[in-house]
Amino acid sequence: MGRLISTLLLWLAAVGFGNAAYAAPPVEKSGKVFHVRACPGSAAPGTANCHAHLVTDSLGNPQSRDATPNIVPSGLGPADLRSAYNVSANGSSATTIAIVDAYGYTNAESDLAVYRSTFGLPACTTANGCFGKYNQNGVKGSYPRQNTGWAQETALDLDMASAMCPYCKIILVEANSASLADLAAAVNRAAALGALVISNSYGGGETGSATYESAYNHPGLAITVSSGDSGYGVQFPASSPHVTAVGGTSLPRSATARGWSETTWNGAGSGCSAVYTKPTWQADPGCARRTVADVSAVADPATGVAVYGPVTSRKAGWLVFGGTSVAAPVIGGIYGANGGTANYGSNPYSNTSALFDVTTGSNGSCSGSYLCTAGPGFDGPTGLGTPNGVTAF
């Protein structure tokens, strides 16, 4: 019996449910929508958790659908997102977007193909030179073991980058683990592989993070980072002064001329860094150091996005996701659609007229300060606002 239990535990670890990860994460609720974290639990010092939230039923079972002919996936698709953010540019093959995530994702290319073909996006494959998958050493092979939660995160990131920049090249760089050291190595590898945009949808504590901050300092590249999904509070690498920190909104349809409205998603991270200096382009007076976030995009699971990816370690299907893990690759894709050189996270600060200002909602308690409460102009949860075209990026 002891040998049988040991064998079972080893199998669970191999498919991404090992250690504490096989325990069901707590079910959360946004409006009438239930959801769970794809990477549950607090990140230990020196590690990160992904920021994806999977829409479920009240018991935490994924609201998934098989890929069948003529299926219309639930959740917002590329046309919805491009309409909401007034994006008509498609980017070009001259621009490469890198997705950096932890662990492996065996069916990344084939799952991405289902998403893109379903929504009428051009094929992005290894064969046509659009897609590439690498380990953190830059090798196309010897990939890390798969972890289902992180693979779901990766599917989300690949699909959102595709939605916003359908003609960009995409590379996936898989870190060996969720340690900040391995993720930093993967970011450096993405830069070395020629990415103009590097999207990161994960975060951990700031303590000890200065060791890894230099990996996010790549002049001329746009590095987007999700702000976190625990409400008011700051995580790294979003707090790095060399990235675009991306907060989150709720994005319901409306009867306005835009066709959409936005308020703060109460799960989005924000606040004042305890470690990093304020970049010169930030002028808000309430924070002596780096303020999170810079800009924002949809993140509320109640207005979630359609994704094709792992339902379990053995099955793929259509899922709906929220979390600032949605927002970071959406903004990354818009940087790609613009295709210009980025000056760290400063570009939106010089182009505020090309953003939708988000003025309502809060993500926690901070004595009513702009650091946790949206209002006209810059605020913590939504930064300068959300994209109105690609000009700000």
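Numbering of residues begins from 1 in every chain and follows the order in which that chain's sequence is written. Reporting of local features is limited, given that this is a predicted model, to residues whose pLDDT is at least 70; pairs of side-chain atoms are given and counted only at 80 or more, and all residues count toward the totals for whole chains, interfaces and linings. To get the side-chain values, take all heavy atoms of the structure and skip hydrogens and water.

### Considerations on the pairing of strand β4 (residues 53–56)
A regular strand places its side chains so that they alternate between the two faces of the sheet.
Reasoning step 1: Relative accessibility decides the category of a residue: with a 1.4 Å probe and only protein chains considered, values under 20% of the type maximum give buried, values over 50% give exposed, and everything between is partly exposed. Numbering goes from the N terminus for both helices and strands, where a helix is a DSSP run of H or I of at least four residues and a strand is a run of E of at least two. Because side chains alternate across β4, one face comprises the buried residues His53 and Val55, and the other comprises Leu54 and Thr56, equally buried.
Reasoning step 2: Strands are labelled as partners when DSSP assigns at least two bridges between them. The sheet contact formed by strand β2 (residues 33–37) and β4 spans 4 bridges and is antiparallel. Along β4, the bridge assignment pairs Phe34 with Thr56.

### Notes on helix α4 (residues 148–164)
Reasoning step 1: Between its first and last C-alpha, α4 extends 25 Å over 17 residues, near the 24 Å set by a 1.5 Å rise per residue.
Reasoning step 2: The buried count for α4 comes to 17 of 17 residues, which makes it a mostly enclosed element.
Reasoning step 3: Each polar contact in these results corresponds to two N or O atoms within 3.5 Å; when the atoms are within protein, one needs to be able to donate a hydrogen and the other to accept it, and residues that are neighboring in sequence are counted only if both atoms are side-chain atoms. In this structure Asn147 caps α4, since a side-chain oxygen of it lies 3.1 Å from the backbone nitrogen of Gly149. A helix's residues, less one, multiplied by 1.5 Å, set its expected span.

### Re the nonpolar core
Reasoning step 1: The definition of a nonpolar core used throughout is a set of buried Ala, Val, Leu, Ile, Met, Phe, Trp, Tyr and Cys residues joined through side-chain atoms within 4.5 Å. Ranked by internal contacts, the top residues of the largest apolar core, which has 101 residues, are Tyr85, Val100, Leu158, Met160, Ile198, Tyr216 and Val305.
Reasoning step 2: The dominant element in this core, judged by the number of residues it contributes, is α4, at 9 residues.

### Notes on the state of the cysteines
Reasoning step 1: The criterion for a disulfide is a pair of cysteine sulfur atoms lying within 2.5 Å. As enumerated under the stated definition, the model contains 5 disulfides in all.
Reasoning step 2: One disulfide bridge connects Cys39 with Cys50, the sulfur atoms lying 2.0 Å from each other. As the torsion about the S-S bond is roughly 100°, the Cys39-Cys50 disulfide counts as right-handed. With a gap of 11 residues between them, Cys39 in the loop between β2 and β3 (49–50) and Cys50 in strand β3 connect regions that are remote in the sequence. Grouping residues by exposure puts Cys39 and Cys50 together as buried.
Reasoning step 3: Linked covalently through their sulfurs, Cys124 and Cys130 form a disulfide whose S-S length is 1.9 Å. As the torsion about the S-S bond is roughly -85°, the Cys124-Cys130 disulfide counts as left-handed.

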